[in-house]
Structure formats: structure tokens, C-alpha cells
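What follows is the residue order along each chain.
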Amino acid sequence: MAWTAHKTEEAIKEHFDSPEEFNDKVGRLVDLIRASNHFVTFTGAGISTSAGIPDFRGPEGVWTLKAQGRVRTSPTKSVLEAWPTSAHMALVGLQDRGIMKYMITQNCDGLHRKSGILQGNISELHGNCSVEECEGCNTQYMRDFPCYRQRDGRDHFTGRYCDLCHGRLMEWTIDFGQSLPALQLDRAYKHSKKADVMLVLGSSLTVTPAADMPRNASVRGHLIICNLQHTPLDSRADFVIHAKTDDVMKEVMKRLNLVIPPWRLRRRVFITSQIGAGGKWEIAIKGMDPDNDHISASIFSKIEIFCMFTNKDPFSVVLSNEPYSFNSAQKKGTPTVPADVRPVLAIKFHWMMYYDEKPLTIFHDLSHTKVVHALEYYPYDSEWVYTSQTEPTMCSEVVIPRAIPEAPAWVCYTNSDKAPKPCTWPTIFVSSVGTENRLYVVGGADNVGISAFDLVLHQWSRLEITADPAIKHPPFVRNERWGHSATIASEFSETKVFLYGGWDSRCQYSDMYLLDLLACTMTEVPFTGTSPHCRAGHTTVAVGNHLVVFGGAFCAGGPYKLFNDMWIFSIQSREWSEVTSRMTGAIPSPRTQHSAVLMPDGRTMLVLGGFDGAALLDEVYAVDLETLVWTKLSPHGTCPCLPLGNVPVTDFRVPAARFSAVVVPKTTCPPGRPCTSVIVQSALGTTMLEIAEGGDATWKYLGSAGNRDSPKVMCHAAAWWQAGKRMYIFGGSDLHSVFNTLHALCL
């Protein structure tokens, strides 16, 4: 309250140690921590100010402003939007290494629990504003929304009830004059008396009984206070560090040779399901505390469920309120589970979005009666990661097919008037923009514009792309371009695509454009150094923050000039460099219309087939992109392009030689050896190249899959979606017609 604010200017004044004092005191602190057997920390509001949460008694503190009749002018954040600070995460690092034995905190902002401090390792003396507690059985509920008490209530009742005993749920915070939670207080007293070193971080130490803990620690152990203002216990401390808590903890971790762990938002989801008579099914989904099976967590804003075991019109249901459950028998028109299809649901989690969490889709088999999904979200990278022992199929770039067959099968999607025009030589890729998950089609002969296929609704749309006015004749957007490459460098951005080279019936190009799928803009990419020769029919793969271009062809009215050169483009420095002279080993001959894929090891590029100016090629090469050593593979079986034979060509025409390839990582080759599979699509159909460890490779003709023949087209484009185990094929020609059909091979 305002009456607890500091009364004098001297008490409010903040002090800062000199660099020499800071270094000396932190060094002494680190020595004490190293020698300690029971290191305990005590935190106050000052540790959270850099997260945007104001303190109470600082110059801009809540009680200070109220006592002075001033209004805050600096920006703040709500406790739900605030991220743990460097100091918070340093304490997590000390906990995880067993250095910090216990933590006592006066803060009710919940950032310590959110950062990763385990429930059993902390006393939250003043409660936690993200927690509700049952007054009957003391069960706690973690919430991703404010746990406010009812406005017209006389106590802390929130208006919600316990799932277990139906007792009232109470806001778990402490008012002035109210007794502290007994269990939390008992643990705090125990550890403060046991502490041989206690570090106070960001507390004025004016509120009791919390301030009694550092006093207890000073009796038998070392007390170090880190605070910008003087405290009543300064005289009992070994020394006082006048510095910001983040600065102190960063230096402590540095001198302990420890890394501050990045903050990640931990989530745990319980799913129970069953299939009943007649294929009826039901499912229940529940968020749980990451560390305690007995604490429920409200983490969803809504949940979408998509049936993947029907080839009819897509069926989905939205669950908007807890408890999140669904029984198919209770909704008319819900598809039942067929006997011959895997009973898989796609479940899309929508979060509260306080940390800009991307929606996440997992795939759940209804025959699995109970599954626990342990997840971590890295907000700085916008990435979800599984931490469960058994990793279910997951994707944040969500694609919802209509059915998942037991065996490989082809699916053909219905076109609309918004689909791209029939074309050859387009490029396609799968990407996620916000909550939209799409397959994109860029360019192609006779196709101007950029199109997107919604992988949930199965609908085509045309993108309205704004080209930089500095581009005189924008390709793709207002002019044709084909035989180019479209590459996403995931380490750079998941929503930005590099478009390089290609031709437009007049000539070939060596320009590069950056297509921003989020902003719907296209800009030309400036560069330094000497750029590659103009070309089309080349390949580009992304390796970290670099693009690797290989091969291609150029024609200026005479015979085609074919390339087998290699160029590296640095995304960071925007510089081209040629590395052809450094290549050694079995270097491929000059070629165009080949395919290239990056293997799962992230350093090996595979080059398949192509046209060398006289004949179609059936060769497979691998190059180590770190050493630039080429190796020619000798796969067993028949290459998919061999039966085409040599196609007569003129000096001005390259035949439709190209077949597409996509990588399918983490597969198993007979007799049970781990291998990588590359699916190759050509005018002959679908073939798989299985590459075992050691380089032993075998061609395996898949032929027809399911009840639909493989599309037999050339000059098409292909893309792979790992989480859904699907290869998409778009466009191409069979030498009689040109198509704009989208197919998917479900594995």
C-alpha cells in the first residue's frame, strides 16, 4: 500500500557500484557460491522490472507513485505478457545444476514458475496470480488468464470450482494483513535456517514475515544483498551489491563458466480417447502443469479437431471451453471410424497468445487410449519442440489431409477457377504464415502470378503480391518466369523465399528476388561479388544461411551452354562466391534439368539425372558441401529416366528431361538398416531411391499406389511435407497436354 512507500528521498534514491566495486563484489559472491553446501536465493520485485513489471518502492514504484500523487509515464507489461529475465533464467540454470538448493520469493507475478523453477524448489510467500487453489482439497490450477476474484465477493473466490471435489477455487494471492500460506512459509523458514549462503535479489526487505528469512540466514550463514536501494538488513549482510539483478547474475554465470539457459515455455497436454461400437469415438484433451500431474493448466484459447479418416468433405469441430471433450455420438453427421483406415485426428491447439505462440497441430490415433505430449516453445525462435520420450507426429506448419491410408496412396485434389493455370516448370513449396498453412505455386510457363493452396480447407487462392517499384518488369507477379528455383532458408526465415534465375522465352537470368509471404511483397536482392552466369534449369538448396546453386543451362539464340559449376550465396553478407575450382572427386558433367536435394545430415547434396546436351542422364552424385568432394553412386535397380531413352533435340530446344526429387528422412531399409529415401517422380511414375548408411543405394519402383495411378508427367514441381509424410506434385506435361492438377502421395 502507499503507506508502505519510502518516506525520504535518500530511501528512494538508487545507488550504483563503480565497475571496480562491482567486479570485486561479484568475485566474492562467486567464491561463496562455489564453497556453499546449501545456497538459497530470496527474490523481490526488483528482479522483474526489466521484464516490464514495475516494482513497489523504487523511484517509479507502484507505492512510490501513489504516495507522491504521480501517474506512471513509462510503459509496463502485464504479468501474463512478461517474459522471464536473464536473472530469472540464470537462477533456473543454477537450479538445474544442483547449485541453488531452494528459492524464496515475495513475487506473485509467477515468472519464477514460468521460467522453470520447480514447484518443490520454491516458496511463493505472497502467492501466484496465475494460480487458483481449491479451498477444499488444496488442488492448484495453473491459468494462462488472470485469476481475479469476483468483484462483488467477500473473499478470493474466482467463481470457478474444482474438478476433483467441486470445492471453490480461490485466487492464490495474499492481501496485506492476511496470513501467508502455511506450507510455503514452513519451507521458507526451514531453508533460510539451513542456508550457508543466501543471495537477496531486488527486494527492499521491508515486508515481514518474508523479510525474516534473510535475517535468519544471516545468523548462521553468509547474507549477500543485491539491491539498488538501501535495505534495513544491509548491516547484517556480508556485503551489498548496488547493481541491477540481470547484470549481477550474468556476471555470476560467466565466472562460474555456466551458460544461461534460454527461456522456453513448457507445456504438457494429456489426451484420452476411445473407439466404441459402430466406429463411434470420443476424445478428451487437458492441459497440465509441466512438473505436476495433479495440477491442471488452462493453456488453450480453443482447440480444433479435424477428422483424417474420411475422404468425404472435411469434418472438423471446434472446442472453445473447458473441459475440452467431444463425443461423436452427440453430434449428427460426425464420421465414424472405418475398419480399414487408421483412426487419426489432426488436433490444432490455439494458445492464449501472450507469447506469440504459433498454433500447433499434432496427430492423434484414437486407438491410443492415453497419450501425454510434453512440449517446449522457444519464443525467440517461434519454434515448438517435443521433449516427450515418445515423439508423436507433430508440425507447426499444419497440413490436414483428408485421410491417412495404411499403405502409400495417391490423392488428387479438385481444382477451382482460382487454381494456377496449366503450366510447366513451376516451383512449389510448403510454408506456414501465421495460422495459415499452405502450399505455394510460383511461376511456370504460361502461368503468371503466385498461388496458394490451403492445406486445411483444400482451397486455391491467388496472392496479391506488391513488387518493389524499383523492379521495372517484375517476374512472377506480372511477367512469366520458369525454370527458376524457389528456396526457403529456414535458419533465415520460414516465411521468406529466395527466387533465383530462370527464363521468360526471351533470355535466361541471374537475378534474385526475395518473396515475403507474410507481407506479400517482392524485392530484388542486392549482392556483392561476381554473380553466376544467367541460367535456367539449375538447382538451389539452402544450407544454414547459405544458398548453393549447381548446374543449369544458358542459351542466347545458339546452342545451349551447360554448366557444372557451383556457387554459394551468403544470405547474411549478400555475397556471391564461386567454389567450382575447389571441387574434387567424381565431378558431374555439365547438365541441366537435374534434381538436387539436401540430405538430413545437412552437409551432403544429392544430384540426380538431368540432360547433358545429347542424352538423358541416369546418374546419381553426392557432394560433401564442407569438403566439396564429389562421389558417384552406383544404385542397384533401374533409374526412373532410363526407359525414356534419348530424345532427339535441336540446337534450340532442351527436352523435357527433368524429374523431381524429395527427401524422406528417418526410414528403414531391409534388413532393418537406417537409411534415407529419396522419392523421384518422372514421366514413368514414382520411384524411391533408398540410400543406406555407407552409401549403398537401391532404386525401388513404387508403381501405382493405392487405387490411383501415379501421375506420369514431366516438367512438374514437387514438395515434401515431413510431418504429414506426403509428397505433393503440381503441373507438368505428358507431351500431349499441360496440367494444373495437384496430387499428393501419402506414405
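In what follows, the accompanying structure is described. (Residues numbered from 1 in each chain as written. Predicted model: local features only at pLDDT ≥ 70, side-chain atom pairs only at ≥ 80, totals over all residues. Heavy atoms only, no water.)

## Overview of the environment of Thr 336
Here Thr 336 lies in the loop between β16 (324–327) and β17 (344–351). Since its relative accessible area comes to 35%, Thr 336 is described here as partly exposed. Along the primary structure Thr 336 and Lys 280 are separated by 56 residues, whereas in three dimensions their C-alpha atoms are 5.3 Å apart. Apart from the residues lying within four places of it in its own chain, the contact partners of Thr 336 are Gly 278, Gly 279, Lys 280 and Phe 309. (Helix = DSSP H or I, 4+ residues; strand = E, 2+ residues; numbered from the N terminus. Buried < 20%, exposed > 50% of the residue type's maximum accessible area, 1.4 Å probe, protein only. Contact = heavy atoms within 4.5 Å.)

## Overview of the sheet that holds strand β29 (residues 496–500)
In a beta sheet, neighbouring strands are held together by backbone hydrogen bonds and run either parallel or antiparallel to one another. An order of β27-β31-β30-β29-β28 is seen for the 5 strands of this open sheet, with the pairing classed as mixed. Strands at the two margins of the open sheet, each flanked by one partner only, are β27 (466–467) and β28 (485–488). In this sheet, β29 lies alongside β28 in antiparallel orientation, the contact comprising 4 bridges. If you follow Ala 486 over to β29, its bridge partner there is Leu 499. (Pairing = 2+ DSSP bridges.)

## Focus on the nonpolar core
Of all hydrophobic cores here, the largest spans 68 residues; its most connected members are Ile 285, Ile 347 and Phe 349. Residues in contact with Phe 349, not counting those within four places in the same chain, are Val 269, Ile 271, Ile 285, Phe 300, Lys 302, Ile 303, Pro 359, Leu 360 and Ile 362. Judged by nonpolar contacts, the second largest core, of 22 residues, contains Ala 419, Val 430, Leu 439 and Trp 460. (Core = buried A, V, L, I, M, F, W, Y, C linked by side-chain atoms within 4.5 Å.)

## So, the packing of helix α6 (residues 182–194) against helix α7 (residues 212–220)
Viewed as axis vectors pointing N to C, α6 and α7 meet at an angle of 25°, and their least axial separation amounts to 8 Å. Considering their axes alone, α6 and α7 lie roughly parallel with respect to each other. Considering the relative orientation of α6 and α7, their crossing is right-handed. Contacts between α6 and α7 involve Leu 185, Ala 188, Tyr 189, Ser 192 and Lys 193 on the former and, on the latter, Asp 212, Met 213, Asn 216, Ala 217 and Arg 220. Its residues placed into classes, the contact of α6 with α7 shows 5 nonpolar, 2 polar and 3 charged. (Axes fitted to C-alpha atoms, helices over the stretch in contact; angles between N-to-C directions. Parallel < 35°, antiparallel > 145°, perpendicular 65-115°, else oblique. Left-handed = near helix turned anticlockwise from the far one by under 90°. Nonpolar A, V, L, I, M, F, W, Y, C, P; charged D, E, K, R; others polar.)

## With respect to the packing of aromatic side chains
According to the stated counting rule, one finds 22 aromatic pairs in the structure shown. Measuring from ring centre to ring centre gives 5.8 Å for Trp 460 and Phe 730, while their planes differ by 55°; the resulting arrangement is tilted. In this pair, Trp 460 is assigned in strand β26 (residues 459–462) and Phe 730 in strand β46 (residues 726–730), connecting sequence segments 270 residues apart. Pairwise contacts between aromatic rings join Phe 300, Tyr 324, Phe 349, Trp 351, Tyr 377 and Trp 384 into one cluster. The aromatic ring of Tyr 509 is capped on one face by Arg 481, whose charged end is 4.0 Å from the ring centroid. Directly above the ring of Phe 563 sits Arg 535, whose terminal nitrogen or CZ lies 4.3 Å from the centroid. (Phe/Tyr/Trp six-rings, centres within 6.5 Å; stacked < 30°, edge-to-face > 60°. Lys NZ or Arg CZ within 6 Å of the ring centre and 35° of its normal.)

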